[in-house]
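Secondary and tertiary structure notes
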Amino acid sequence: MWERIQEKLGILADAAKYDVSCSSSGSKRTNHNKGLGNATGMGICHAYTEDGRCVSLLKILLTNHCIFDCAYCINRKSNDQKRAAFTVQEVVDLTINFYRRNYIEGLFLSSGIFSNADYTMERLVLVAKKLRTEHKFNGYIHLKTIPGASPELMHEAGLYADRLSVNIEMPTEQGLKLLAPEKNRADMIHPMKYLKGAILQNREDKKTIKSTPLFAPAGQSTQMVIGASNETDWQVLQLANQFYGKMNMKRVYYSGYVPVSNDNRLPVLGTPVPVIRENRLYQADWLLRFYGFNVNEIVTTEQPDLPLDIDPKLGWALRNMNMFPIDVNKADLWLIKRVPGIGIGSALKIVAARKFRHLTSDHLKKMGIAYNRAKHFLAGDRSIYPQKENTIEQVRAKILAECDSKYKPVLSSQMALF
Ligand code: SF4
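Burial runs high along strand β7 (residues 220–226): seven of the seven residues are buried. The two faces of β7 match: Q220, T222, M224 and I226 on one face and S221, Q223 and V225 on the other face are all buried. Strand direction decides the pairing type here: strand β6 (residues 163–165) and β7, joined by two bridges, are parallel. Directly across from S165, in β7, lies its bridge partner S221. Sheet analysis places β7 next to strand β8 (residues 251–256), joined by six bridges and oriented parallel. Residue pairing across strands places T222 opposite V252, the latter belonging to β8. Handedness of the crossover joining β7 and β8 through helix α7 (residues 233–246): right-handed.

Laid out in structure tokens, this is it:
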């Protein structure tokens, strides 16, 4: 019996590794001594696979059977591979057992589509329901929803899961039509809209009636596969930006296409998307969400792809050298945040500290900024190294030479500040 479960675990955990949206930030579910565990905003256990993907220790599919045949997916029905399916009770038992042993702090559950969307979604919801109601489980639960599932099931899922996600799959509608013709973009957009409304309503309700049950307190997220179709980074980031603005999306994840088939609809047959492209998209995403950039400042229709050798913030600064050098003792906060090498935390420290003294390069270095990058964009007095005699290409070359390690691929989770 246990051997069979282990075998399923091997198959279904492996099949889940292509899903990159596994962070647990944003949920607070407190245990009042009557249940098992807590979900906090600090994240569930993560592991890093060889290619740098972040995976949680219990990140599994309910099944890798699927009635669909999406070209980019290892689980598509035409793929000749070992199939398996957990029962609802098996997933519940595994979660509880692993949780009690402190192997995991939550569950990330996705699935291929068994026979139709509702049939599959019902089972996903049942796992979460059993964990919450029978086992009083307070750990983090992230459920992937099945496109086309009924609003009633989506609602029930929100009552038990911390986060729900609806994968948009392809950045463009043409890409979806080409590579996943059985899917319909409306089946993804409608549930996103529903979730947005239900999450906002729940927050309002909780303000007036504290006992209102939680509904997806960690919000919703989505994921798109990058590089399986010929979309540009501009298209990817425009869509992500719309999701953040219109759908209140907590996170958009970018999953570089990993060649898993010889399907001739795939334009880049056999070519994996470089991890660095994923990294650059996450960096650009960070600029959109926290640094006040808009998409057209990062990429344009004329230059629609992010350069791979430099990060998008440096790219913007080099294209806008007319705005530099700046004097950190006088510049506005929004502009200080845009200096390559100065993150949000350091920018806030600079603005706070300059109220009390004139800041020099020594002060800046002590604040933890990446001074080798930042110095090319800073001026003010002699102690802050004016460098304006350099051409854009010289600055670019110097920074690349001085900060070589910073421009190598890094894990998305390590890119909070740059
Ligand atoms: S529906 Fe999902 S699991 Fe099925 S083939 Fe498409 S992407 Fe893969």
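Alright, that's what it looks like, and here's the rest.
Ranked by internal contacts, the top residues of the largest apolar core, which has 117 residues, are L237, Y254 and F377. When near neighbours in sequence (up to four residues on either side) are disregarded, L237 contacts Y254, L281, A284, D285, L288, V295, I298, V299 and L306.

What follows concerns the side chain of D69. When you line up the elements, D69 lands in the loop between β3 (59–61) and α2 (88–100). Although D69 is buried, it makes no salt bridge; R76 carries the closest opposite charge, 4.4 Å away. A distance of 3.4 Å separates the side chain of D69 from the backbone nitrogen of K77, its partner in a polar contact. For D69, the residues in contact, after removing those within four places along its chain, are R76, K77, S78, L179, E182 and R265.

Turning next to the sheet that holds strand β5 (residues 140–144). Working definition: the strands of a sheet are paired by backbone hydrogen bonds and lie parallel or antiparallel to each other. Read from one edge of the open sheet, six strands run β3-β4-β5-β6-β7-β8, paired in parallel fashion. On the outer flanks of this sheet lie β3 and β8, each paired with one strand and no other. Adjacent strand axes in the sheet meet at a mean angle of 20 degrees when their direction is disregarded. Pairing between β5 and β6: three bridges, direction parallel. Looking at β6, one finds that H142 is bridged to R163. On the sheet, helix α8 (residues 275–290) packs against β7 and β8 and is oriented at approximately 165 degrees with respect to β8.

Taken together, C66, F68, C70, C73, R76, G112, I113 and K183 make up the full set of residues adjacent to the ligand. At a threshold of 2 Å from the grid points, most atoms of the ligand map onto the largest cavity. Here the shell around the ligand is built from residues that sort into five nonpolar, one polar and two charged.

Calculation criteria
Residues numbered from 1 in each chain as written. Predicted model: local features only at pLDDT ≥ 70, side-chain atom pairs only at ≥ 80, totals over all residues. Heavy atoms only, no water. Buried < 20%, exposed > 50% of the residue type's maximum accessible area, 1.4 Å probe, protein only. Helix = DSSP H or I, 4+ residues; strand = E, 2+ residues; numbered from the N terminus. Pairing = 2+ DSSP bridges. Right-handed = clockwise from strand over helix to strand, strands pointing away. Core = buried A, V, L, I, M, F, W, Y, C linked by side-chain atoms within 4.5 Å. Contact = heavy atoms within 4.5 Å. Lys, Arg positive; Asp, Glu negative; His and termini not counted. Salt bridge = Lys/Arg side-chain N within 4 Å of Asp/Glu carboxyl O. Polar contact = N/O pair within 3.5 Å; in protein donor to acceptor, adjacent residues only side chain to side chain. Axes fitted to C-alpha atoms, helices over the stretch in contact; angles between N-to-C directions. Near = heavy atom within 4 Å. 1 Å grid on protein atoms, 1.4 Å probe; cavity = no way out; pocket = protein on both sides within 12 Å on 5 of 7 lines; lining within 4 Å. Sits in = over half its atoms within 2 Å of the grid points. Nonpolar A, V, L, I, M, F, W, Y, C, P; charged D, E, K, R; others polar.

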